[in-house]
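Overview (structure and organization)
Residue-level listing of the chains:
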Amino acid sequence: MPMALQAGLWGLLSGSALLLGALIGWFAPMSRRLIAAVMAFGAGVLISALSFELVDEAWRQGGFAPVAVGFLGGALVYTAANYWLSHRGARHRKRSHEAKRATQAENHPNNGAALALGALLDGIPESIVIGVSLIEGGAVGMVAVIAVFLSNLPEGLSSAAGMKAEGKRAGGVFAMWAGIALASGAAAAIGFVAFAGVPPEGVALVQAVAAGAILAMIVDTMVPEAFEGTHDFAGLISVTGFLAAFALSRLT
């Protein structure tokens, strides 16, 4: 099987968690506390993955300069795009809190495009990382795939629950998440094709950019929902996620 296709399928697998989460959130609603706990665990997993699978590996390949430039650059680009989308109705795209979602819907009644773009903004850097991981050793970084899957699941859960409370149609919601899952697969394939043959310093820069964007996304969108739902336990749950991902990366 061509490596680009493999990358696309792994990206699609991780992105499918959005659709899976949306289905669960729509037809088998979970308590907000449980959704927040999954969000906190996923945040810990992602932080571990970007620390040891992205930043550390980028430093080994390219040294400090590409890491610093890419890490800050990724965070800046993500923050600017997130700021723009937040003022167009996508601020609470990962929230299941009905009051916050209702306020968002009231202020931006036609925010479907902004929500879709926000989900893409969150998922594209993660998917590119999956594609790039195949370049390095010919095998996908399973920790990265698992981390992205676990971070996508609560996003689908909380967003679908919120969209249902807003009165959105099921068909439109599921079509949006299915489209974003497909886009995640495409982004992973593009990440492999675009950066295959790039010098190590270039790959390091890409990894650092993705890591900076992911960390900014975690703090801006995942942590607030996790803390609001679990309060004093958010930190502990995140630590367990971090430890689980760290153990997986070292024991496999």
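Conventions we followed
Residues numbered from 1 in each chain as written. Predicted model: local features only at pLDDT ≥ 70, side-chain atom pairs only at ≥ 80, totals over all residues. Heavy atoms only, no water. Helix = DSSP H or I, 4+ residues; strand = E, 2+ residues; numbered from the N terminus. Buried < 20%, exposed > 50% of the residue type's maximum accessible area, 1.4 Å probe, protein only. Contact = heavy atoms within 4.5 Å. Areas by Shrake-Rupley, 256 points an atom, 1.4 Å probe, with all protein chains shown as cover. UniProt positions renumbered as here; feature names shortened; annotations may be inferred. Patch = residues over 30% accessible without salt bridge, like charges linked within 9 Å, V, L, I, M, F, W, Y side chains within 5 Å. Salt bridge = Lys/Arg side-chain N within 4 Å of Asp/Glu carboxyl O. Core = buried A, V, L, I, M, F, W, Y, C linked by side-chain atoms within 4.5 Å. Phe/Tyr/Trp six-rings, centres within 6.5 Å; stacked < 30°, edge-to-face > 60°. Axes fitted to C-alpha atoms, helices over the stretch in contact; angles between N-to-C directions. Parallel < 35°, antiparallel > 145°, perpendicular 65-115°, else oblique. Left-handed = near helix turned anticlockwise from the far one by under 90°. Nonpolar A, V, L, I, M, F, W, Y, C, P; charged D, E, K, R; others polar. Expected span 1.5 Å × (residues − 1). pLDDT = per-residue confidence, 0-100.

As named in an unreviewed UniProt entry, the chain is ZIP family zinc transporter, taken from Sphingomonas swuensis.

1. Looking at the overall build of the chain
Each helix and strand in the chain was counted, giving nine helices and zero strands. Counting helices and strands in the order they occur from the N terminus, the chain gives α-α-α-α-α-α-α-α-α. The proportion of buried residues among the 252 residues of the chain is 47%. Contacts spanning at least 24 positions in sequence make up 86% of the contacts within the chain whose residues lie at least 6 apart. Carbon and sulfur atoms provide 72% of the accessible area of the chain, an area that totals close to 10900 Å².

2. Some remarks on the UniProt feature "transmembrane region" (unreviewed entry) in the chain
As annotated by UniProt and renumbered to match this structure, "transmembrane region" (unreviewed entry) occupies residues 6-27, 34-52, 64-85, 128-150, 170-195, 202-221 and 233-251. The span residues 34-52 shows a helical share of 100% and a strand share of 0%, and its end C-alpha atoms are spaced 27 Å apart.

3. What to know about unusual backbone geometry
One non-glycine residue, His 231, adopts positive backbone phi at about 55°. Within the element layout of this structure, His 231 appears in the loop between helix H8 (200-230) and helix H9 (234-251). For His 231, a relative accessible area of 42% gives the class partly exposed.

4. Re a nonpolar patch on the surface
Judged by side-chain polarity, Met 1, Leu 5 and Leu 9 come together as a nonpolar surface patch covering roughly 310 Å² of accessible area. Turning to its location among the elements, Leu 9 is positioned in helix H1 (residues 3-27). The exposure class assigned to Leu 9 is partly exposed, which follows from its relative accessible area of 41%.

5. Description of the nonpolar core
Grouped together as the largest cluster of nonpolar side chains are 27 residues, with contacts concentrated most on Leu 46, Ile 214, Met 217, Ile 218 and Met 222. When contributions to this core are tallied by element, the ones reaching two or more residues are helix H2 (32-62), helix H3 (64-90), helix H5 (112-137), helix H6 (142-166), H8 and H9. Ranked by size, the runner-up nonpolar core spans eleven residues in total, among them Leu 18, Trp 26, Ala 160 and Ile 180.

6. Examining the packing of aromatic side chains
Across all of its chains, the model carries four aromatic pairs by this definition. Among the aromatic residues, ring-to-ring pairing joins Trp 26, Phe 27 and Phe 174 into one connected group.

7. Re the packing of H2 against H6
Following both chains from N to C, one finds H2 and H6 inclined at 150°, their axes separated by 8 Å at the closest point. One way to sum up the angle between H2 and H6 is to call them roughly antiparallel. Between H2 and H6 lies a crossing whose hand is left-handed. Seen from H2, the contacting residues are Ile 35, Val 38, Met 39, Phe 41, Gly 42, Val 45, Leu 46, Ala 49 and Glu 53; seen from H6, they are Val 143, Ala 147, Val 148, Leu 150, Ser 151, Pro 154, Glu 155, Leu 157 and Ser 158. Among the residues making up the contact of H2 with H6, the classes are represented as 13 nonpolar, three polar and two charged.

8. Some details on H6
Here H6 is 25 residues long and its end C-alpha atoms lie 36 Å apart, about the 36 Å a rise of 1.5 Å per residue gives. Downstream of H6 by a residue or two, Gly 167 has a phi angle that is positive, lying close to 90°.

9. Some thoughts on the confidence of the model for the chain
The predicted model of the chain averages 80 in pLDDT, with 86% of residues at 70 or higher. Across residues 101-112, where pLDDT falls below 50, the model places 27 contacts with residues more than four positions away in sequence or in other chains.

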